[in-house]
Number of protein chains: 2
Amino acid sequence: MRTGDIAQRLGVTPASVSGMLKHLSREGLVNYREYGGALLTADGERAALGVVRRHRVLERFLTDVLQFGWEQVDALAHQMEHALPEVVVDAIERLLGDPATCPHGHPIPDKEGRVAAEPRLTIGGLAAGDRACVREVDEFDPALLDFLQQRGLVPGAVLRVSQVNPIDGTVVVEVVDAGATALAPATAKAVRVSREVAE
Amino acid sequence: MRTGDIAQRLGVTPASVSGMLKHLSREGLVNYREYGGALLTADGERAALGVVRRHRVLERFLTDVLQFGWEQVDALAHQMEHALPEVVVDAIERLLGDPATCPHGHPIPDKEGRVAAEPRLTIGGLAAGDRACVREVDEFDPALLDFLQQRGLVPGAVLRVSQVNPIDGTVVVEVVDAGATALAPATAKAVRVSREVAE
DNA sequence: CGTAAATGTTAGGGTCGGCTAAATTGATCC
DNA sequence: GGATCAATTTAGCCGACCCTAACATTTACG
Ligand SMILES: [Mn+2]
Ligand SMILES: [Mn+2]
Ligand SMILES: [Mn+2]
Ligand SMILES: [Mn+2]
């Protein structure tokens, strides 16, 4: 991870990131050398997965119990994730029956920091005629999520690629029970799939 | 409200309270004169009732949905109440069916800042032979709450005062379906009641 | 009353994250 | 191999809140 990337993702200046990285480095959460980028240590990885768990459990809670739309819950969970007592997150997780994934399909780490692997194949990586099952979607753009839901491109959906345009990379997918949709490469990259059809 | 009282309740030095009162005064939330104490303005009252609403809704959620004991939820709600997005509190409130009170019996303000009146009569204010109905209990001491629950002194319970000791003020109450309990005046003051029996 | 004690405020400082601007480093391209 | 440029770090600052210590006011009581 480079300083500038972190700064951009956090909406903060690179100067602030430098300071914080030095801080985290002193606490042993990050390996960091000046001008050399940063990497989480084992401890840092554990701490980060703890936050990821809280975030994804909360997303599930917000959709399943409080009926929020999946396009809103990333931002809401983000506001809540640092203030909730651990016991409350645990209780919510139990209430939900220890869900395996967040509403966008990303796996929820367990309390020991174990996480299921995530598929790396995207719709953009499929060829014409391929069949696949939607596993996860990128969750940072509410408008994209709204669109994907309308077209049935949600985790668990089964699809077939009917065309791949060799010039610009546009793909057309037919989603079972939801019709056909054309996707530009950038959009096709936001949906990760597996080749096997869901159990 | 005096500076020192606020400081004590917040676990902060009086110096910090002076600074903050000056700040809140500038924002129009509080009427404050040096050495003269502070009082909420109408705006301040509104803001405060908003926080009270969040707090009490969360307490209800923690007991009713997440199954926490009523002796734990004040502290937990306190940690959560400032970080939860308003829409989430609203959704929780709807989920619970717009409850009228927190688990300790205190009324939940509505979104416009209207609150039901709270009874001022306590068990300590009853005479031998009086009948009453428990309405609310003080919620700051988990050990006290544990005790009250064991003895059936929870909102809605019906009781009769069987003795009042004229020397030290000890009262003995008989709780319907839960036996007799002796209470020192300080404890008796923690339970507020109404003379009418609950509907 | 008048003074001592209690209460409250001010002064001065610290930490935590953030910022801007200036300096530094490393990468790139003649 | 050096000049240039982008990325990064450092320096210095700020605002929110908290603190302690010193000072001011109010209160309570002999
Ligand atoms: Mn998310
Ligand atoms: Mn998610
Ligand atoms: Mn409470
Ligand atoms: Mn309560």
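Since this is a predicted model, take the numbers as computed values, not measurements. (Residues numbered from 1 in each chain as written. Chains lettered and ligands numbered in written order. Predicted model: local features only at pLDDT ≥ 70, side-chain atom pairs only at ≥ 80, totals over all residues. Heavy atoms only, no water.)

Quick look at the interface of chain A and chain B
Interface extent is often summarised as the accessible area lost during association of the parts.
Working step 1: Between chain A and chain B, the residue contacts involve 16 residues of the former and 16 residues of the latter.
Working step 2: Roughly 1,300 Å² of surface becomes buried between chain A and chain B when both sides are summed, with 88% attributable to carbon and sulfur atoms.
Working step 3: When residues in the side of chain A that touches chain B are grouped by element, the largest group, five residues, is from helix H5 (residues 86-95) of chain A. (Contact = heavy atoms within 4.5 Å. Buried area = accessible area lost by both parts, 1.4 Å probe. Helix = DSSP H or I, 4+ residues; strand = E, 2+ residues; numbered from the N terminus.)

Some remarks on the domain arrangement of chain A
Working step 1: If you check the domain split of chain A, you get domain 1 (3-40), domain 2 (47-117) and domain 3 (123-196).
Working step 2: For domain 1 of chain A and domain 3 of chain A, the distance between their C-alpha centres works out to 35 Å. (Domains from an automatic or database assignment.)

Looking at the coordination of the manganese ion (ligand 1)
Each pair of donors in an ideal four-coordinate tetrahedral metal site encloses 109.5 degrees, whereas pairs in an ideal six-coordinate octahedral site enclose 90 or 180 degrees.
Residue and element names in this part refer to chain A.
Working step 1: Surrounding the manganese ion (ligand 1) are the protein donor atoms His55 (NE2), Glu59 (OE), Asp74 (OD) and Glu139 (OE), at 1.7 to 2.1 Å.
Working step 2: Ordering the donors of the manganese ion (ligand 1) by residue number gives the pattern H-x3-E-x14-D-x64-E.
Working step 3: A gap of 3.5 Å separates the manganese ion (ligand 1) and the manganese ion (ligand 2), which Glu59 links by coordinating each metal. Remark: Glu139 occurs in the loop between strand S3 (131-137) and helix H6 (142-150) and His55 occurs in helix H3 (residues 42-64); sequence separation between them is 84 residues. The residues His55 and Glu139 share a single accessibility class, namely buried. (Donors = N, O, S within 2.8 Å, 3.2 Å for Na, K, Ca; no water. Buried < 20%, exposed > 50% of the residue type's maximum accessible area, 1.4 Å probe, protein only.)

As for the packing of helix H3 (residues 42-64) of chain B against helix H4 (residues 73-80) of chain B
Residues and elements named next belong to chain B.
Working step 1: Between H3 and H4, the least distance of the axes is 9 Å, while the angle of their chain directions is 125 degrees. Here H3 is positioned oblique relative to H4, judged by the angle of their axes. Here the hand of the crossing between H3 and H4 comes out right-handed. In contact with His55, Leu58, Glu59, Leu62 and Thr63 of H3, H4 contributes Val73, Asp74, Leu76, Ala77, His78 and Met80.
Working step 2: Residues that form the contact of H3 with H4 fall into these classes: six nonpolar, three polar and two charged. (Axes fitted to C-alpha atoms, helices over the stretch in contact; angles between N-to-C directions. Parallel < 35°, antiparallel > 145°, perpendicular 65-115°, else oblique. Left-handed = near helix turned anticlockwise from the far one by under 90°. Nonpolar A, V, L, I, M, F, W, Y, C, P; charged D, E, K, R; others polar.)

Topic: the sheet that holds strand S4 (residues 158-164) of chain A
Residues and elements named next belong to chain A.
Working step 1: What the five strands build is an open sheet, ordered S6-S5-S4-S3-S7; its pairing is antiparallel. The open sheet terminates on both sides in strands that have one partner only, identified here as strand S6 (179-183) and strand S7 (191-194). Mean inter-strand twist for the sheet, computed between neighbouring axes without regard to direction, equals 45 degrees. (Pairing = 2+ DSSP bridges.)

Remarks on the protein's contact with DNA strand C
Working step 1: In the region of DNA strand C, 16 residues are neighbours, and A:Thr13, A:Ser16, B:Gly4, B:Ser18 and B:Tyr32 sit closest.
Working step 2: Counting only atoms of DNA strand C within 4 Å of the protein, the sugar-phosphate share comes to 74%.
Working step 3: A:Tyr35 has a polar side-chain atom sitting 3.2 Å from a base oxygen of DNA strand C.
Working step 4: The contact in question runs from a phosphate oxygen of DNA strand C to an N or O atom on the side chain of B:Glu34, over 3.3 Å.
Working step 5: Listed by contribution, the elements that provide at least two residues to the surface near DNA strand C are helix H2 (14-26) of chain A together with helix H1 (3-10) and helix H2 (14-26) of chain B.
Working step 6: Sorting elements by how many residues they give to the surface near DNA strand C places H2(B) first, with four residues.
Working step 7: Across the surface near DNA strand C, the residue classes break down as eight nonpolar, five polar and three charged. (Near = heavy atom within 4 Å. Polar contact = N/O pair within 3.5 Å; in protein donor to acceptor, adjacent residues only side chain to side chain.)

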